[in-house]
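Next come the chains, spelled out residue by residue.
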Amino acid sequence: MAHEEGDTPEDVFLEDLRSERSLRWVTEENARALSAVAGPGGDVESDPLFSKLRAIYDDKKKIPNVRLRGNFVYNFWQDDVHVKGIWRRTSMADFKTDEPTWETVLDVDALAKSEQKSWVWKGPSFLDYGPGDDEHRVDRCVVKLSDEGRDACEVREFDVVTKRFVGDVGDEKDDGSEREKPFVLPSSKSNFCWIDRDTVWIGYDFGEGTMSPSGYPLTIREWRRGQDLSETTEIWRGQPGDVVAAGSAYWDKGVRYHVWYRAPTFYDTEHFVKHPVTGDMMLVDIPSDFGFNTFADHVVVHCKSEWKVGEFNFKAGSVVAHPAADFINGDRTQFTTLYSPDDDRCAYAGSTETKDYLLVHTLEHMVTRVYVWRFVSEDKNDSQNSGAFEFVKTHVAPDCKSFGASGVDSDRSNELWITTDGYLEPVTLSTATAPDLEAVTPCKENTAWFETNGMTVELKEAMSDDETLVPYFLVKGKDVVANDVPVPTVLYGYGGFEISMTPGYSATVGESFLAQGMCYAVACIRGGGEFGAQWHRAAKKEKRWRAYEDFAAVAKHLVDTKVTTHPMLGCMGGSNGGLLAGAMMVHYPHLFGAVVSQCPLLDMERYVLLTSGPSWIDEYGDPNHPAERTALLGFSPYHNLEKSVERATSEWGFDAQAARRGEHLPATLFTTSTADDRVHPSHARRVVHKARALGIGAKVLYHEMIEGGHAGAADNVARAKVKTVENSFLVNVLKKGNRGVPGGE
């Protein structure tokens, strides 16, 4: 076993998040970090960068993120007045005007004040009545509220007509009858799905055996209005070791689906659907790592690997559709191939839909393409006669730009939201009508926060240790091209969970780095999803080193091509990217002048004991399995601090005494949040504590926000503070070019 008596390190006291001893340590470290970054008083808000970033976050002209529900578009908004935020709405026509008139539906600031809670908005889930007299009725939803920004949420039923929580005083029916008993779930990591107005499916912590080792629900219970939670009926249960088990009931263009699923690992899911004749739930016969969705009366399957089925042989990365009823009954003869990648640098990137069209998004050699398919129903009155897909056209986005198309109301119209942006181009929002993605009507555009004249964007490649070519984007800031000399540069990366790094406008990056004459690079390393599942699998578990070798290769390429120098090169990443940054600090310290690691995993032995850690075993490996444990401890930043001292002299040319003082390490800042219940803050706490105990922590800083959860901050003021600390740290260190902490020698 990985964890035996006597193995527990002394610094695990920092896993007790809010103990007096832990918080005293955090307070001292915060003071040290703020003093280093913002001066002796630690007043971050006096930094000119704070004012710029606060203005960016509070910008009243930024495009609201909206969802159409019934006759209204809904948006959650935060600014300098609405610190915790308001949930608001307006009509579609009004939204398209320059100055929409918004109606407040729920004021989270007022709610938090009245209830003495630090509520953080986590979003609504609306009841869909489906076909019939109430088809277009929109009145009920549940809203999710998190105390301090944790993943665990309280779920409350809300009436958007009365703009009140169901069951509250004032929510009486017009006839004066008793108020409805609302659906309310106390704070937990839970699942909630509407079945009808008075019935829901829930996953919740009902005690022993109902939550997974990862902290997610393992059961589905049917809950009828008026029942106590204790009276609910269990209708589905996963296995004890699963990551999660849940259920979903929904309407898809008039077709009703009931889907249950259990996830044995993060990447394997077994789906169960209701048999169209018997009504029994039966396993969907596809490989467990495949994606499973629906469109009208078809299933849509994403093949993560090669799939030989019947007379068909689908490439890895293909997306195929099949009439649902026949598929569930075992037929495999009616497939339509919606996407088949040309080579191993092409990948499916998700799909969106309108009433009559399915839009298949792909990333091909780092260029976005959208394949548009029309769905034609043979006879809408014949439930036994399935529709069919017909290919219409392909839309290709410009190089180094992002493009997105999504349905405004996928059940009732073919209208689309179109978004475009790039590293130097702010987000624009337009409308179009499928299938004509090119014929757009501009709607709104975000503020251009920094002057881009003379700046450039390039897609480049670096060769990794095994000769794999690794793409990365390079953005050259103010006067960089004209002066043609190495400049301070920040390299960002993630490299995990099949998440792709694509171009996007960041006003905070522009103001903090590019406008200051710096460069910004984004590495598309293995572990990500830029080239599909095989690119991700190439850096899973015992192959994790590939991601770090890729990132190091990009760092070296930036120096070899004279973009920057090692002392002027910094790196940054969050969550899994925080682990990446931590690995750079320990395994490749000689390549960087500064490192910022945000909400990171760092102890790859104890990660399975903390918060959601067990759910990531299929990504990183299991420390209880000897071979995987060896690989984990080989890259775990916490476990390699001592070895970095040895390697500093044997491999990187540092003086032995300097290495024992930690001078081989780049200036490093760890940031996190006390309320992070996804990646435990003790990862970062304990690495900093251990570095201090080893005597190598002089250039290591730590800053922890109280609220914010895994996002790191809960409101715009906090976001501006954290980002000022991180970005000012990088600018100050890299411009000095001496690898020392700000304020140091």
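Above this text is the structure in question.
In this text, all values refer to a predicted model and were calculated from it rather than measured experimentally.

*Asks:* Explain the overall build of the chain to me, and be specific about the residues and the numbers.
*Replies:* Regarding its fold elements, the chain presents 16 helices and 39 strands. Computed over the C-alpha atoms, the radius of gyration of the chain is 26 Å, within 12% of the 27 Å expected from 2.2 N^0.38 for a compact globule of 745 residues. With the principal axes as the frame, the chain shows a C-alpha extent of 80 × 60 × 55 Å. Carbon together with sulfur atoms contributes 48% to the accessible area of the chain, which is approximately 30400 Å² in total. Each charge class in the chain can be summarised by its mean position, and for the 81 positive and 114 negative side chains these summaries are 4 Å apart.

*Asks:* Tell me about the sheet that holds strand β18 (residues 291-295), and please be specific about residues and values.
*Replies:* Pairing between the strands of a sheet is mediated by backbone hydrogen bonds and can be parallel or antiparallel. Overall, antiparallel pairing links the four strands, which are arranged β18-β19-β22-β23 in an open sheet. Since the sheet does not close on itself, it has two edges, and those belong to β18 and β23 (336-339), each with one partner. Ignoring strand direction, the axes of neighbouring strands in this sheet form an average angle of 30°. In this structure, strand β22 (residues 319-323) lies alongside β23, joined through three bridges in antiparallel fashion. Within β23, the position partnered with V320 by the bridge is T337.

*Asks:* Describe the pattern of salt bridges, listing the residues and the values that go with them.
*Replies:* Tallied over the full model, the rule gives 61 salt bridges. We note a salt bridge from K96 to E415, for which the minimum N-O separation is 2.9 Å. Residue K96 is located in the loop between α3 (92-95) and β4 (103-107), and its partner E415 is located in strand β29 (residues 415-422); the two are separated by 319 residues in the primary sequence. Classification of E415 by relative accessible area gives partly exposed; the value is 22%. The salt bridge involving E425 is made with K401; its shortest N-O contact spans 3.9 Å.

*Asks:* Tell me about the pairing of strand β34 (residues 489-492), residues and numbers included.
*Replies:* Bridge count between β34 and strand β35 (residues 519-523): four bridges; the pairing is parallel. Bridge pairing links Y492 to V522 in β35. At this point the chain moves from β34, through helix α7 (residues 507-512), to the parallel β35, and the crossover so formed is right-handed. Where β34 lies against strand β36 (residues 569-574), four bridges are found, and the strand directions are parallel. Each bridged residue has a counterpart across the sheet, and for L491 the counterpart in β36 is C571.

*Asks:* Summarise the pairing of β35; cite the residues concerned and give the values.
*Replies:* Of all five residues in β35, five are buried, a share of seventy percent or more. Residue alternation in β35 divides its side chains into two sets, C519, A521 and A523 and Y520 and V522, and both sets are buried. In this sheet, β35 lies alongside strand β33 (residues 469-476) in antiparallel orientation, the contact comprising five bridges. The residue of β35 that forms the bridge with K476 is C519.

*Asks:* Mind laying out the nonpolar core, listing which residues take part and the relevant values?
*Replies:* Among soluble globular proteins, nonpolar side chains are generally buried collectively. In terms of nonpolar packing, the biggest core is built from 112 residues, with L491, F592 and F729 touching the most fellow members. Here this core gets eight residues from one element, more than from any other, and that element is helix α9 (residues 545-560). Once residues within four sequence positions are removed from consideration, F729 is found in contact with V37, A594, V595, V596, A667, T668, L669, L701, T724 and P742. Listed in part, the 18 residues of the second largest apolar core include Y257, C303, A324 and I328.

*Asks:* Before we move on, can you summarise the packing of helix α2 (residues 48-57) against helix α16 (residues 716-736) with the specific residues and values?
*Replies:* Closest axis-to-axis distance for the α2/α16 pair is 9 Å, and the angle between their directions is 135°. Considering their axes alone, α2 and α16 lie oblique with respect to each other. Crossing of α2 over α16 shows right-handed handedness. Facing α2, whose interface residues are L49, F50, L53, R54 and Y57, α16 presents N716, V717, R719, A720, K721, K723, T724, N727 and S728.

*Asks:* Can you lay out the sheet that holds β36 for me, pointing to particular residues and giving the numbers?
*Replies:* The strand order β32-β33-β35-β34-β36-β37-β38-β39 describes an open sheet built from eight strands, whose pairing is mixed. This sheet does not close on itself; its edge strands, each paired only once, are β32 (456-463) and β39 (700-705). The average undirected angle you get between the axes of adjacent strands in this sheet is 20°. Pairing of strand β37 (residues 594-598) with strand β38 (residues 667-673) involves five bridges; the strand directions are parallel.

*Asks:* Go over helix α15 (residues 682-694) with me, naming the residues and quoting the values.
*Replies:* The end-to-end C-alpha distance of α15, which contains 13 residues, comes to 18 Å, matching closely the 18 Å that a straight helix rising 1.5 Å per residue would cover. Judged by how many residues are buried, α15 sits mostly within the fold: ten of 13 residues are covered. Those residues of α15 that are buried are in contact with α1 (20-38), α10 (576-587), α13 (641-650), β38 and β39. Immediately beyond the C-terminal end of α15, within one or two residues, lies G695, with a positive phi of roughly 80°.

*Asks:* Report on unusual backbone geometry, specifying residues and quantitative values.
*Replies:* Across the junction of A434 and P435, the peptide omega takes the value 15°, indicating a cis bond. Tracing the sequence through the fold places P435 in the loop between β30 (425-433) and β31 (436-445). Of note in the backbone geometry, D479 takes a positive phi value of approximately 65° without being a glycine. Checked against the element boundaries, D479 lands in the loop between β33 and α6 (480-483). Residue class for D479 comes out partly exposed when judged on its relative accessible area of 43%. Even without a glycine there, the phi angle at C599 is positive, about 40°. The topology assignment puts C599 in the loop between β37 and α11 (617-620). Residue class for C599 comes out buried when judged on its relative accessible area of 6%.

*Asks:* So what's going on with the environment of A711? Residues and values would help.
*Replies:* Among the structural elements, A711 can be located in the loop between β39 and α16. Given a relative accessible area of 69%, A711 falls into the exposed group. Through-space distance from the C-alpha of A711 to that of Q598 is 9.4 Å; in sequence the pair is 113 residues apart.

*Asks:* Please provide a residue-by-residue account of the packing of aromatic side chains, values included.
*Replies:* Per the stated rule, a full pass over the model turns up 45 aromatic pairs. Between the aromatic rings of W87 and F126, the centroid separation amounts to 6.1 Å while the plane-to-plane angle is 50°, which identifies the pairing as tilted. Of the two residues, W87 sits in strand β3 (residues 86-91) while F126 sits in strand β5 (residues 119-126), which places them 39 residues apart along the sequence. For the ring pair Y607 and Y620, a centre distance of 5.7 Å and an interplane angle of 85° mean the geometry is edge-to-face. With Y607 in the loop between β37 and α11 and Y620 in helix α11, the pair connects residues that are 13 residues apart, well separated along the chain. Joined through ring pairs, the aromatic side chains of F72, Y74, F76, W87, W121, F126, F158 and F165 make up one cluster. We note R89 situated over the ring of F72; from NZ or CZ to the ring centre the distance is 4.6 Å. Its guanidinium or amino end placed over the ring of Y638, R686 lies 4.3 Å from that ring's centre, counting from NZ or CZ.

*Asks:* Could you give an account of α1, with specific residues and numbers?
*Replies:* Residues three or four positions apart in an α-helix share a direction because the helix packs 3.6 residues into each turn. The end-to-end C-alpha separation of α1 is 26 Å, in line with the 27 Å expected for 19 residues at 1.5 Å each. Listed as buried for α1 are S22, W25, V26, E29, N30, A33, L34, A36 and V37. Axial view of α1: buried residues confined to an arc of 160°, hence all on one face. Projecting away from the buried face of α1 at angles above 90 degrees are the exposed residues E20, T27 and E28.

Calculation notes
- Think of each chain on its own: its residues are numbered from 1, step by step along the sequence as written.
- Note on the predicted model: pLDDT of at least 70 is required for a residue's local features to be given, and 80 or more for side-chain atom pairs to be given and counted; whole-chain, interface and lining totals, by contrast, use all residues.
- Side-chain metrics rest on all non-hydrogen atoms present in the structure, leaving aside hydrogens and water.
- Secondary structure elements follow DSSP: runs of H or I no shorter than four residues count as helices, runs of E no shorter than two count as strands, and numbering proceeds from the N terminus.
- Between the two quantities, the radius of gyration covers C-alpha atoms and the globule rule is 2.2 Å times the number of residues to the power 0.38.
- Areas reported here follow the Shrake-Rupley algorithm with a probe of radius 1.4 Å; residue values treat only the protein chains shown as occluding.
- The charge count treats Lys and Arg as positive and Asp and Glu as negative. His and the chain ends do not count.
- A charged residue contributes its charge at one atom only: NZ of Lys, CZ of Arg, CG of Asp or CD of Glu.
- Following DSSP output, two strands are said to pair if at least two bridges run between them.
- Angular values range over 0 to 180 degrees, each being the angle between N-to-C directions of two axes fitted as lines to C-alpha atoms, with helices fitted over their stretch in contact.
- Salt bridges are identified by distance alone: a Lys or Arg side-chain nitrogen within 4 Å of an Asp or Glu carboxyl oxygen.
- Summary of the burial criterion: residues with accessible area below 20% of their type's maximum are buried, those above 50% are exposed, and those between are partly exposed, where the area comes from a 1.4 Å probe applied to protein chains only.
- Whether a crossover is right-handed depends on one test, that the path from the first strand over the helix to the second runs clockwise when the strands point away from the viewer.
- Among buried residues, those of type Ala, Val, Leu, Ile, Met, Phe, Trp, Tyr and Cys that are joined through side-chain atoms within 4.5 Å constitute a nonpolar core.
- Every residue pair with non-hydrogen atoms within 4.5 Å of one another is taken to be in contact.
- The labels follow the angle: roughly parallel below 35 degrees, roughly antiparallel above 145, roughly perpendicular from 65 to 115, and oblique for the rest.
- Take the far helix as your reference; a near helix turned counterclockwise from it by less than a right angle gives a left-handed crossing, and one turned clockwise gives a right-handed crossing.
- A helix is expected to reach a length of 1.5 Å times the quantity of its residues less one.
- Pairing of aromatic side chains here covers Phe, Tyr and the six-membered ring of Trp, requires ring centres within 6.5 Å, and sorts the geometry by plane angle: under 30 degrees stacked, over 60 edge-to-face, intermediate tilted.
- Charges are assigned to positions over rings by a cutoff of 6 Å between ring centre and Lys NZ or Arg CZ, combined with an angular limit of 35 degrees from the ring normal.
- The arc in question is the one traced by the directions running from the helix axis out to the C-beta atoms.

So yeah, pure geometry; function would need other evidence.
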